Amino acid sequence: VYIRKHALEIPPPSEKDWLKDDEEDFFLQDPDRKRDALPQPFRMINKLVMLVFENAMEIIERREMLQEAQKRKVQPTKCFPTAEFQVIGRANCLAASGKYIFVGLSVGLSAFKVSDCKEVCAWDAVKMEICAIHALDLGNECHVLLAVDEMGLVWLFCFHKESFLLIKILNEVEDINMRSTCVEVVLPPGGDYAGVLLQGNTKAWLEIYRLPKDSWLKEMEKNPGAAAGLACRERRSSWTSAVQNSSISHSDAKLSLPVLLLKVKPPKPITGSSFKSPLDALKKVDDGSMLGLGYNHLIKDSQWEQQEAIFRSTYREYLEAECERERSKEEIPRHATFHFLLRSWILQVGPEMKVQPDVPAGISVHWDGSHNLCFYLLNHPLKEKGDSDPKPDVVWPCAAPIACSAVSSCSRYLALACEDATITIWDKQLGYPLSVTAILEERLIRSIHFL
């Protein structure tokens, strides 16, 4: 037990316990400034180290925020291939139709079953390279195919009971100098028609064919043996002669050939009028010329030349910058956009024309740089079928050149986008526009789609 010997006393103050003047306000000082009392170069080293740590923490916090935001997003489903198609050569394109997948190869065509991904038929009679292919199911195990090769030739096939039947080369000519190349192929639903946009050395045109699919089905049912022995084969080693095989396919097929309905050419440039009075212009319209294309006018060449001279002298400084654009406008149109349309208010057919509700009744065409959207009926009477240069049945003039167009899947709505960045949605069934939208200035609309 510890027992204090002396009484508890308060010790007297001493000088060493006195507070100094610089320590009286120690509780008001910033603790971060204690390091400022360090001598150099320790102060500089300390600041650099702290700066590195602060930057590192900012980077870490930023990355953590990005990771949290990424986790909150809906992650897309990753799909992996379940099967592979073994082909000979290089696969350039493919098209699905019914229970088959048709593949365009560097040496011909191949057909595969969707169920087991096995090749059922191949066609390589002429060793052509297929660059594009379109296929459509006609029913009764029959499919129609349009294939475009590397030379721009359009091959029309009928695939029946796992056999390829070559029907015709649509743009085949004897003179190689007159050969045309395919720019675009459209095969509308139903397979009643086919559209081919062709381009020659100095001109372009659009050809519309009627496909006799009902006749094909009847002919193949009557003679199934000939259909099985055409220029289609199971994969074999080689052919003796490509020319012989091609001729055999034509002779054995004996299927009805497609019928050329329309050959639409680009609009001719508008020139000065030769009419002396408005009555002469009206007589020209009565002869079958379509009103709306701008051909039947009373403006003389001299009037146009005078008006153009006044315009160029007034806006010379602005026209110099657009010299290249003016040159391109003088060129002949080389491309057209066309759509197959069902019967509607704007495509009125006469009582002598029988049109099914799900079969296209006409087409809409507009050429590059043209203000006019032209409509052509596909079921003309017999007296008009022989017209080499058919006139449009309906013309829609627009305020600016049409840049692109689109038709909805139901074929009721038509969208037109002009070069002045204006989009118009038309209801073809009712025959009037639903909406007109103007995009920001100095914007060029290159494509338009319905979703």
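This text goes with the structure placed above it.
In this text, all values refer to a predicted model and were calculated from it rather than measured experimentally.

Novice: In this structure, what is going on with a positive patch on the surface? I would like to understand it.
Specialist: A cluster of basic side chains, namely Lys203, Lys263, Lys265, Lys268 and Lys391, defines a positive patch on the protein surface. Its location among the elements puts Lys268 in the loop between β12 (259–264) and α5 (278–286). Judged by relative accessible area, Lys268 falls into the exposed class, the value being 58%.

Novice: How should I be thinking about the side chain of Lys213 in this particular structure?
Specialist: Checked against the element boundaries, Lys213 lands in helix α2 (residues 213–222). Exposure remark for Lys213: the relative accessible area of 17% places this residue in the buried category. Among all residues touching Lys213, those that are not within four sequence positions of it are Leu138, Gly190, Gly191 and Asp192.

Novice: What is the right way to read a negative patch on the surface from this model?
Specialist: There is a patch of like negative charges on the surface, built from Glu54, Glu58, Glu61, Glu64 and Glu68. With respect to the element layout, Glu61 can be found in helix α1 (residues 42–72).

Novice: Would you take a moment to explain α2 for this structure?
Specialist: Owing to its 3.6 residues per turn, the α-helix aligns residues three or four sequence positions apart on the same side. Within the span of α2, buried status applies to Lys213, Trp216, Leu217 and Met220. Axial view of α2: buried residues confined to an arc of 95°, hence all on one face. Set apart from the buried face of α2 by more than 90 degrees, the exposed residues are Asp214, Lys218 and Lys222.

Novice: In this structure, what is going on with the pattern of salt bridges? I would like to understand it.
Specialist: When charged atoms on two side chains of opposite charge get close, those side chains can pair. One pass over the structure, following the stated rule, counts 5 salt bridges. The shortest N-O distance in the salt bridge between Glu162 and Lys113 comes to 3.5 Å. Of the two residues, Glu162 sits in the loop between β7 (154–160) and β8 (164–169) while Lys113 sits in strand β3 (residues 109–113), which places them 49 residues apart along the sequence. On the accessibility criterion, Glu162 (26% relative accessible area) is partly exposed.

Novice: What is the right way to read the sheet that holds strand β5 (residues 130–139) from this model?
Specialist: Either a parallel or an antiparallel arrangement is found when strands of a sheet pair, and the pairing is made through backbone hydrogen bonds. An order of β5-β6-β7-β8 is seen for the 4 strands of this open sheet, with the pairing classed as antiparallel. Since the sheet does not close on itself, it has two edges, and those belong to β5 and β8, each with one partner. If you compare each strand with its neighbour and ignore which way they point, the axes differ by 20° on average. Sheet analysis places strand β6 (residues 142–149) next to β7, joined by 7 bridges and oriented antiparallel. Along β7, the bridge assignment pairs Val148 with Val154. Sitting on the sheet, α2 touches β5, β6, β7 and β8, and the angle it makes with β7 is about 50°.

Novice: I'm lost on the environment of Thr424 in this one. Help?
Specialist: By the element assignment, Thr424 lies in strand β19 (residues 422–427). The spatial distance from the C-alpha of Thr424 to the C-alpha of Ala438 is 8.8 Å, given a sequence separation of 14 residues. Discounting chain neighbours no more than four positions away, the residues touching Thr424 are Leu414, Ala415, Leu416, Pro433, Ser435 and Val436.

Novice: Whenever I open this one, the packing of aromatic side chains confuses me. Can you help?
Specialist: Scanning the entire structure with this criterion turns up 13 aromatic pairs. A centroid spacing of 5.0 Å and a plane angle of 75° characterise the contact between Trp123 and Phe157, whose relative ring orientation is edge-to-face. In this pair, Trp123 is assigned in strand β4 (residues 119–123) and Phe157 in strand β7, connecting sequence segments 34 residues apart. Neither Trp123 nor Phe157 differs from the other in exposure class; each is buried.

Novice: What exactly am I supposed to notice about a nonpolar patch on the surface here?
Specialist: A grouping of Met44, Ile45, Leu48, Val49 and Phe53 is seen on the molecular surface, where their side chains present a nonpolar patch of about 490 Å² in accessible area. Within the element layout of this structure, Leu48 appears in helix α1.

Novice: Any chance you could explain the environment of Leu347 here in plain terms?
Specialist: Assignment of secondary structure puts Leu347 in the loop between β13 (336–341) and β14 (362–367). Since its relative accessible area comes to 1%, Leu347 is described here as buried. Once the C-alpha coordinates of Leu347 and Val394 are considered, the two residues, 47 residues apart in sequence, prove to be 7.8 Å apart. The contact partners of Leu347, leaving out residues within four places of it in the chain, are Leu341, Leu342, Gly362, Phe375 and Leu377.

The rules behind each value
Residues numbered from 1 in each chain as written. Predicted model: local features only at pLDDT ≥ 70, side-chain atom pairs only at ≥ 80, totals over all residues. Heavy atoms only, no water. Patch = residues over 30% accessible without salt bridge, like charges linked within 9 Å, V, L, I, M, F, W, Y side chains within 5 Å. Areas by Shrake-Rupley, 256 points an atom, 1.4 Å probe, with all protein chains shown as cover. Salt bridge = Lys/Arg side-chain N within 4 Å of Asp/Glu carboxyl O. Lys, Arg positive; Asp, Glu negative; His and termini not counted. Charge placed at Lys NZ, Arg CZ, Asp CG, Glu CD. Helix = DSSP H or I, 4+ residues; strand = E, 2+ residues; numbered from the N terminus. Buried < 20%, exposed > 50% of the residue type's maximum accessible area, 1.4 Å probe, protein only. Contact = heavy atoms within 4.5 Å. Arc of directions from axis to C-beta. Pairing = 2+ DSSP bridges. Axes fitted to C-alpha atoms, helices over the stretch in contact; angles between N-to-C directions. Phe/Tyr/Trp six-rings, centres within 6.5 Å; stacked < 30°, edge-to-face > 60°.

Everything listed is a geometric property; what it means functionally is a separate question.
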